[in-house]
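Working through the structure, step by step
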Amino acid sequence: MKIFTKILTAVLSLAMLFSVVGFTACSNGELEAKIAELEAQIATQQTQILTQQEQIAELEQENEEMQADIAEQQQQIAQLEQEKQELEEEIEYLESQISENVVSGTFYSLEDAYNIGLLKVEDLNNIAYLHSNNIQNSDQLSDDISRSIRYNWAEIYNIENNANITLDDIEILKYFGTYNNCAVVMVDYKNIIITAQYIPITLTVGGVNFNFGHPRYAYRLRVFII
């Protein structure tokens, strides 16, 4: 009986030993698998980190290039502003020269007045509007200016036609306003004879069209320096 008991005890001990060893082996395998899984995740994250670092490096490079472009454009803007200022100064100087060279009592054609800077495009547009709609400027010429216009035009008429008329023979037919100290008028000899033949003519000044039914009507349109 004692021998049987000893044998049974020994068998039970071996069974317990095998049970413990098997459990331990199973737990180590799971841990190793978990470690391998974590290492794979670490490798994936490391790859992502490298990718992000490369993208950051590219963005920094692009940013440097953009900053360089911005700096270059700023230099170009500064240069253009300097050139603009120089051009404005040159225009101001030329305009002052025009003012010095313009003589009071002088007549100019519309084209000549525009070419030397006495009239601007906006002035031409206003004059063309009044002319095409047969409207006179709402303001009136003073008696002194009217007299000066008629006197000086009589002088021109006498020279061109070997005549001897006076300012009383000259008529200001229309007045289209004063621009930059320049009175724009239609002026002519009162007794001028114009053929009834319709001879249309168009003058284009500064891109603005002026239509007339006869060349003499175009000739009448004058710019007078006050």
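Residues numbered from 1 in each chain as written. Predicted model: local features only at pLDDT ≥ 70, side-chain atom pairs only at ≥ 80, totals over all residues. Heavy atoms only, no water.

1. Side note on helix 3 (residues 121-132)
Residues separated by three or four positions in an α-helix point in the same direction, a consequence of the helix having 3.6 residues per turn. Under the convention used in this document: Numbering of helices and strands starts at the N terminus; helices are DSSP runs of H or I of at least 4 residues and strands are runs of E of at least 2. In this analysis, the expected span of each helix is defined as 1.5 Å times one less than the number of residues it contains. Contact definition: two residues touch when any of their heavy atoms are within 4.5 Å.
For helix 3, spanning twelve residues, the distance from its first C-alpha to its last is 16 Å, which sits close to the expected 16 Å at 1.5 Å a residue. Residues of helix 3 that are buried in the fold lie against helix 2 (110-115), strand 2 (170-179), strand 3 (182-189), strand 4 (201-205) and strand 5 (208-212). Backbone geometry just after helix 3 places Asn134 at a positive phi near 55°.

2. Overview of the nonpolar core
Formally: As used here, the term nonpolar core means buried Ala, Val, Leu, Ile, Met, Phe, Trp, Tyr and Cys residues forming a set that is joined through side-chain atoms within 4.5 Å. Burial here depends on accessible area, computed with a 1.4 Å probe over protein chains only, as a share of the maximum for the residue type. Under 20% is buried, over 50% is exposed, and the range in between is partly exposed.
Of all hydrophobic cores here, the largest spans 22 residues; its most connected members are Leu110, Leu119, Ile127, Val184, Phe210, Leu221 and Val223. Within the residue set of this core, elements represented by two or more residues are helix 2, helix 3, strand 2, strand 3, strand 5 and strand 6 (221-225). Of all the elements, helix 3 adds the most residues to this core, at four residues. Those residues within four positions of Ile127 in sequence are excluded, and the remaining contacts are Leu110, Leu119, Phe176, Tyr179, Val184 and Phe210. Among the nonpolar cores identified, the runner-up in size contains 15 residues, and Leu141, Trp153, Ile172 and Tyr189 belong to it.

3. Re the environment of Lys174
Formally: Polar contacts, as used here, are pairs of N or O atoms within 3.5 Å; protein pairs need one atom able to donate a hydrogen and one able to accept it. Residues neighboring in sequence count only if both atoms are side-chain atoms.
The topology assignment puts Lys174 in strand 2. By relative accessible area, which is 19% here, Lys174 ends up buried. Along the backbone, Lys174 and Val185 are eleven residues apart, and their C-alpha atoms lie at a distance of 5.5 Å. In contact with Lys174, other than residues within four places in its own chain, are Asn134, Gln136, Val184, Val185 and Met186. Here Asn134 takes part through its side chain, which lies 2.4 Å from a polar atom of the side chain of Lys174.

4. Things to note about the pairing of strand 3
We apply this condition: Note on pairing: DSSP must find at least two bridges between two strands before they are called paired.
With eight of eight residues buried, strand 3 is to be regarded as a mostly interior element. Across seven bridges, the pairing between strand 2 and strand 3 is antiparallel. Each bridged residue has a counterpart across the sheet, and for Ile170 the counterpart in strand 3 is Tyr189. Between strand 2 and strand 3, which follow one another and run antiparallel, lie two residues, and Asn180 among them has a positive phi close to 55°. Where strand 3 lies against strand 6, five bridges are found, and the strand directions are antiparallel. The residue of strand 6 that forms the bridge with Val184 is Val223.

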